[in-house]
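One-letter residues, chain by chain:
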Amino acid sequence: MPEEGVQLTPKSELLTAQEIITLARLFVKEGVEKIRLTGGEPLIRPDVVDIVGQLDKLEGLKTIAVTTNGINLTRLLPRLKEAGLNAINISLDTLVPAKFEFIVRRKGFHKVMEGIHKATELGYRPVKVNCVVMRGFNEDEVLDFVDFTKDLPLDVRFIEYMPFDGNKWNFKKMVSYKEMLDTIKQRWPELEKLPSETSSTAKSYKVPHFQGQISFITSMSEHFCGSCNRLRITADGNLKVCLFGNSEVSLRDHLRSGASEEELIQIIGAAVGRKKKQHAGMFNISRMKNRPMVLIGG
């Protein structure tokens, strides 16, 4: 969360549940097999369980996932699972309660930990934990996060610090995945590389005999643009074909103006066709105007 906070989007500008399902149905019809609800924070929507339930009815959709800060997870997860949620990512940048409070500007560390344990109890395998690593802040916790996977079926995903509006990105704060990997191998030289799918954004590893695993999201030091098949729709209905691009197309406005399904498919296809071969590079991205990550969704 940026220090100055973010301006809340008026409710009238957010996609309604029905608009979300309409767009989801369209994308699934065109071959999308996985949908992730992100944020801001998706679990503060009072209709989130209903949205998951409606997504679960879409024929052809194989995975419904959520990325959450985890604070409301323990309370909502049983209902979300019953509705059809089958994958979870929890954002957690520190295992130190005081640091957690500094990052998110509120208490709640123990609620997040309860949510992680609840997810494992309910059979989610793996429970993904997203950790953005920043030099001078939490790079000293990398080994603790790896150790966190010893007795729990987690996939701790170390994410290279990326430039977005409001996060005061600085190259010196970025810890590359190779630096993290070297640190981890000094402690666990037996660390094993795991196979990954072609479209995966993660490089995955496992300490033998640990229940869980670790992964690296190397967006800055080794981009994976060529194999990226992700599209994002923001909470206010804008299509982003690249996380780091500042080009957006309002599907919400087209929907509300009565665009037909065929017209929407053409608009989406044109946007995807403009997607660049790779992002502009970390230094150029840091100078570009883009939304804060909290307004895009992880």
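Residues numbered from 1 in each chain as written. Predicted model: local features only at pLDDT ≥ 70, side-chain atom pairs only at ≥ 80, totals over all residues. Heavy atoms only, no water.

### Points about the nonpolar core
Okay, step 1: Ranked by size, the top nonpolar core spans 72 residues in total, and within it Leu55 and Phe158 carry the most contacts.
Okay, step 2: The leading source of residues in this core is helix α1 (residues 17-29), at eight residues.
Okay, step 3: In this structure, Phe158 is in contact with Cys131, Val133, Val142, Phe145, Val146, Met180, Ile184, Ile214, Ser215, Phe216 and Ile217, ignoring residues within four places of it in sequence.
Okay, step 4: Listed in part, the five residues of the second largest apolar core include Ile103, Met134, Phe137 and Met174. (Core = buried A, V, L, I, M, F, W, Y, C linked by side-chain atoms within 4.5 Å. Buried < 20%, exposed > 50% of the residue type's maximum accessible area, 1.4 Å probe, protein only. Helix = DSSP H or I, 4+ residues; strand = E, 2+ residues; numbered from the N terminus. Contact = heavy atoms within 4.5 Å.)

### Some words on the sheet that holds strand β9 (residues 232-233)
Think of a sheet as strands paired side by side through backbone hydrogen bonds, with each pair either parallel or antiparallel.
Okay, step 1: On the basis of which strands lie adjacent, the open sheet formed by three strands has the order β9-β10-β11 and antiparallel pairing. Two strands in the sheet have a free side with no partner beyond their single neighbour: β9 and β11 (249-250).
Okay, step 2: By the bridge criterion, two bridges tie strand β10 (residues 238-240) to β11 in an arrangement that is antiparallel. The residue bridging Asn238 from the neighbouring strand is Ser250, located in β11. (Pairing = 2+ DSSP bridges.)

### Observations regarding unusual backbone geometry
Okay, step 1: Going from Arg125 to Pro126, the amide bond is cis rather than trans, its omega being -10 degrees.
Okay, step 2: A positive phi angle, near 60 degrees, is found at Arg105, a position not held by glycine.
Okay, step 3: Of note, Arg105 is situated in the loop between α4 (97-104) and α5 (109-121).
Okay, step 4: Even without being glycine, His209 reaches a positive phi, approximately 80 degrees.

### What about helix α3 (residues 73-83)?
One turn of an α-helix holds 3.6 residues; hence residues three or four places apart share an orientation.
Okay, step 1: Taken as a whole, α3 has its buried residues at Leu73, Leu76, Leu77, Leu80 and Ala83. Taken down its axis, α3 places every buried residue within 125 degrees of arc, on the same side. Opposite the packed face of α3, turned more than 90 degrees from it, sit the exposed residues Arg75 and Glu82.
Okay, step 2: Buried-residue contacts for α3 involve α2 (48-55), β2 (63-68), β3 (87-91) and α5.
Okay, step 3: Just downstream of α3, Gly84 is the residue with a positive phi angle, here 130 degrees. (Arc of directions from axis to C-beta.)

### Looking at the pattern of salt bridges
Okay, step 1: This structure, assessed with the given rule, holds 10 salt bridges.
Okay, step 2: Ionic pairing is found between Asp140 and Lys99, a salt bridge with its closest N-O pair at 3.5 Å. In this pair, Asp140 is assigned in the loop between β4 (127-133) and α6 (142-148) and Lys99 in helix α4, connecting sequence segments 41 residues apart.
Okay, step 3: Glu248 is paired through a salt bridge with Lys240; the nearest N and O atoms lie 3.5 Å apart. (Salt bridge = Lys/Arg side-chain N within 4 Å of Asp/Glu carboxyl O.)

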